[in-house]
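One-letter residues, chain by chain:
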Amino acid sequence: MSEIEQRANTIPRPRANGTASAAIAAAAAARAAPDWDLVLKRNNIERLKREKFPLEIVNEIDELGERNYLDISEEDMVRFQWYGLYQDKPKVGYFMLRIKVPSGILTAPQYRAIGELSQKFGRDYTELSTRQNVQLHWLQIKQFREVFAALDTVGLTSLGGCGDSVRNITGCPVAGLNADELFDCRPQLDEVVRFFLAERDYFDLPRKHKITISSCAAQCNAPEINCIVFIGTQQEGRSGFSLRVGGGLSSTPRIARDLNVFVPQADALPVAKAILDVWRTDLRYRLSRAKARLKFMVDDYGPEGVREAVEKQLGRQLEDLQQVPKPVGSTDHLGAHRQKQAGLYYIGFPVFLGQVTGQQTIEIAELAAEFDGDIRLARQQNFIITNVPESRVDEVIRRVADIGFPLDVNAIRGASVGCTGQPLCNFAVAETKTKLKEIVLRLEERFGRDVEGIKLGVDGCPHSCAHHWVSDIGLQGTTARGDEAGHDKLEAYEIYLRGGLGENAEIGRPLLRRVPTEEASAYVERLVGAYLNERQNGESFQAFAKRKSDEELISIGTGQPAPVPA
């Protein structure tokens, strides 16, 4: 029996909880853990990893770069994901590269290097992601070694940007600067980042794994939708973290569950490692890719069962949490703010659609370098320039506007996000950034600044990279039936309402189904118009949508009267 199977046999059996019914949990508990033979029979990615471990593909770059693209196996294309590489659409030899930026923190030389790579290999284009990464497109295999070397020179990596690994570890983009943060948690975040980058075992997880670590009082880092969540708090005069597990979106969204434990600062890495060890050694969560996420283990075990398993893995009990930390207000870190360092400011700039050219990237980096500033990337696909002397705040705002990112724009542009989508993403079945632009411009034209505060999320597929499940109004690309002109499938969107993050965190519902792409903007406009006309006492869009019935919201969106009850 392998070590991983031996350890799996020591893990407590799943238990019922509020998410899974007692019957489902009982059935899961009775189900025998699979062995490796069954896992390898059922799961082709687990076979792929054992036939040739994905990290080894880096040794074949030179040889693969000389081959005809069509002669490279699909298995090797999948292995490239462990280095943050996905094939661009259409699959003709170009790749997207996802550069990891822990907590979104970049030095000016690092950001400049990304801009230079974009200009040299990526058609002068970069994308800022909702996981604080920077993404390049149109790279070719023969260029990978030079790209990796350029990143390594400035201390950056794409390792683990995709694949069955710990993805970019997110946090508050202004960690260490924000006067309202409870403490500076960057040492713990950096320790966790270094460990999971160095240990081969954690590049063989059941599937991707997302960790966030922050002490931002407003909890700006979307702790609700991560696998492992460390939320800064204080207990009996000590700084540490509240711990949540099992959040995530995609096609089966979950809000992270509280384990009701207090984790001292020094224990962040041991606890994160223990959670991952419990999950990765349970072969139940390797049998099917569809169930290979930590959230499904939390569904089965319940938070109490997960805590018990983690304590057993650690060999000790965890300290009870006295009070669950709640977010204090909300923030997107846009605009000019005093840092805790005297005489310095950080300034957050909205990036409409998350798109920045390579030339703009270089110019932003050069500006920040003049005063030893950093560039910080926010979850909303915006950037922040830090360490700006008070005497230069107005100058920096003016110069960044000249680069192409004015601060005085409608705030909906900095609060709304779109994933890569069509035409570059192979998973997408609909446009995202172009559709988001169309919707925002239409709302601005009709409602002006009244739409500030509304958050839109437009996704091209169920993966929810743009968080449509937890946006005020979320759109997910889908297809509708063909028309009389002979089109088999037409581009369309599902429209999600009632979602949100923060103190009112909730998974949205797809109330308006298969809305044709040419009608989507009008649907959103009608929903926003009704909200602005009918909101009560300054209520949020989410509160408005929750106050309305399904039938009322469908009627508003479609512009058709609601059915009269019989």
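Located above this text is the structure these notes cover.
Predicted, not measured: the structure shown is a model, and the values here were computed from it.

(A) Structural context of the layout of surface pockets. Volume-wise, the second largest pocket comes out at about 900 Å³. Lining the second largest pocket are 38 residues, and of these S330, R379, K455, L501 and G502 sit closest to its centre. Tallied by class, residues from the lining of the second largest pocket come to 14 nonpolar, 15 polar and 9 charged.

(B) Spotlight on the nonpolar core. Core analysis: the biggest nonpolar cluster contains 57 residues, and F80, Y111, F144, I364, F383, I385 and V396 have the highest contact counts within it. Among the elements that make up this core, the one with the highest residue count is helix α7 (residues 108–121) (5 residues). If we skip the residues at most four places from it in the chain, F80 touches I57, I61, L64, L85, F95, I141 and F144. Counting 41 residues, the second largest nonpolar core, distinct from the first, contains C185, F196, V261 and W279.

(C) Representation of helix α4 (residues 44–51). All of the buried residues in α4 are I45, E46, L48 and K49. Buried residues in α4, looked at end-on, bunch into an arc of 155°, giving them a common side. Looking at the packing, one finds that the buried side of α4 touches α3 (36–42) and α6 (74–79). With a side-chain oxygen positioned 3.0 Å from the backbone nitrogen of I45, the residue opening α4 is N43.

(D) Inspection of the packing of aromatic side chains at higher detail. A complete count under the given rule lists 18 aromatic pairs for this structure. Centre to centre, the rings of F230 and F241 are 5.7 Å apart; their planes meet at 75°, and the pair counts as edge-to-face. Separated by 11 residues along the polypeptide, F230 in strand β7 (residues 228–235) and F241 in strand β8 (residues 238–245) bring together distant segments of the chain. Residue classification places F230 among the buried residues on the basis of a relative accessible area of 0%. Aromatic rings pair up to connect F80, Y83, F95, F144 and F148 into one cluster. Between the NZ or CZ atom of R280 and the centre of the ring of Y202, over which it lies, the distance is 4.8 Å. Of note, R535 hangs over the ring of Y531, and the distance from its end group to the ring centre comes to 5.3 Å.

(E) Geometry of the sheet that holds strand β19 (residues 489–497). The mixed open sheet is built from 5 strands, whose spatial order is β16-β17-β18-β19-β20. The outermost strands of the open sheet, each flanked by one partner alone, are β16 (417–418) and β20 (509–516). Relative to strand β17 (residues 456–459), β16 runs parallel, the two sharing 2 bridges. Residue pairing for β17: G418 is matched across the bridge by V458. Of the strands in this sheet, β19 and β20 are in contact with helix α18 (residues 550–558), which crosses β20 at around 25°.

(F) Region of interest: the pattern of salt bridges. In this structure the tally under the stated criterion is 48 salt bridges. Ionic pairing is found between R442 and E525, a salt bridge with its closest N-O pair at 2.4 Å. Here R442 is found in helix α15 (residues 433–447), whereas its partner E525 is found in helix α16 (residues 517–534), with 83 residues between them in sequence. Residue R442 is classed as partly exposed on the basis of its relative accessible area, which comes to 34%. By sharing partners, the salt bridges in this structure join E46, K49, R50, D164, D204, R286 and R289 into a single network.

(G) Fine view of the sheet that holds strand β6 (residues 211–214). Reading across from one edge, β6-β7-β8-β9-β10 is the order of the 5 strands in this open sheet, with mixed pairing throughout. The two strands at the open ends of the sheet, each matched to only one other strand, are β6 and β10 (319–320). By the bridge criterion, 5 bridges tie β8 to strand β9 (residues 257–264) in an arrangement that is antiparallel. Paired with F241 across the two strands is V263, which belongs to β9. Running over the sheet, helix α11 (residues 294–314) touches β7, β8, β9 and β10 and is turned about 60° from β9.

(H) Structural view of the side chain of S165. As for its position among the elements, S165 is in the loop between α8 (144–153) and α9 (186–198). For S165, a relative accessible area of 0% corresponds to the buried category. Polar contacts involving the side chain of S165 include one to the main-chain carbonyl oxygen of G160, which spans 3.1 Å. If we ignore the near neighbours within four places in the chain, the residues touching S165 are G160, Y202, F203, L205, R207, K208 and H209.

(I) View of the packing of α7 against α8. The contact between α7 and α8 brings their axes to 10 Å, and the two run at 165°. As summarised for this structure, α7 and α8 are arranged roughly antiparallel, according to the angle between their axes. Considering the relative orientation of α7 and α8, their crossing is right-handed. For the pair formed by α7 and α8, the contact residues are L117, K120 and F121 on the first element and E146, V147, A150 and L151 on the second. In the contact of α7 with α8, the residues fall into 5 nonpolar, no polar and 2 charged.

What counts, and at which threshold
Along each chain, residues carry numbers from 1 onward, in the same order as the chain's sequence is written. Only residues with pLDDT of at least 70 get local features here, since the model is predicted, and only at 80 or more are side-chain atom pairs given and counted; chain-wide, interface and lining totals rely on the full set of residues. Side-chain metrics rest on all non-hydrogen atoms present in the structure, leaving aside hydrogens and water. Cavities and pockets were defined on a 1 Å grid built from protein atoms only: a cavity is a group of points that admits a 1.4 Å probe but offers it no way out, a pocket is an open group of points flanked by protein on both sides within 12 Å along at least five of seven lines, and a lining residue is one with an atom within 4 Å of any such point. Grid points are joined across faces, edges and corners, and a volume is the space filled by probe spheres set on the points. Note on residue classes: Ala, Val, Leu, Ile, Met, Phe, Trp, Tyr, Cys and Pro are nonpolar, Asp, Glu, Lys and Arg are charged, and everything else, Gly too, is polar. Here, nonpolar core refers to any group of buried Ala, Val, Leu, Ile, Met, Phe, Trp, Tyr and Cys residues whose side-chain atoms link them within 4.5 Å. Any residue under 20% of the maximum accessible area for its type is buried, any over 50% is exposed, and the rest in between are partly exposed; the area is computed with a 1.4 Å probe on protein chains only. In this description a helix means any DSSP run of H or I spanning at least four residues, a strand means any run of E spanning at least two, and both kinds are numbered starting from the N terminus. In this analysis, two residues are considered to be in contact whenever any of their non-hydrogen atoms come within 4.5 Å of each other. The arc in question is the one traced by the directions running from the helix axis out to the C-beta atoms. Distance and chemistry together define a polar contact, namely a pair of N or O atoms within 3.5 Å, with one atom able to donate a hydrogen and the other to accept it when in protein, and with adjacent residues in sequence counting only for side-chain atoms on both sides. Stacked, tilted and edge-to-face are the three classes assigned to paired rings of Phe, Tyr and Trp, where Trp is represented by its six-membered ring and a pair needs centres within 6.5 Å; plane angles under 30 degrees give stacked, over 60 edge-to-face, the rest tilted. Placement of a charge over a ring requires the Lys NZ or Arg CZ to be within 6 Å of the ring centre, with the centre-to-atom vector within 35 degrees of the ring normal. By definition, two strands form a pair when at least two bridges between them are found by DSSP. Axis definition: a line fitted to C-alpha atoms, over the contacting stretch in the case of helices. Angles run 0 to 180 degrees between N-to-C directions. A pair is scored as a salt bridge if a Lys or Arg side-chain nitrogen falls within 4 Å of a carboxyl oxygen belonging to Asp or Glu. Any angle between 65 and 115 degrees counts as roughly perpendicular, while under 35 counts as roughly parallel, over 145 as roughly antiparallel, and the rest as oblique. Crossing handedness: left-handed means the near helix sits turned counterclockwise from the far one by under a right angle, and right-handed means the same turn made clockwise.

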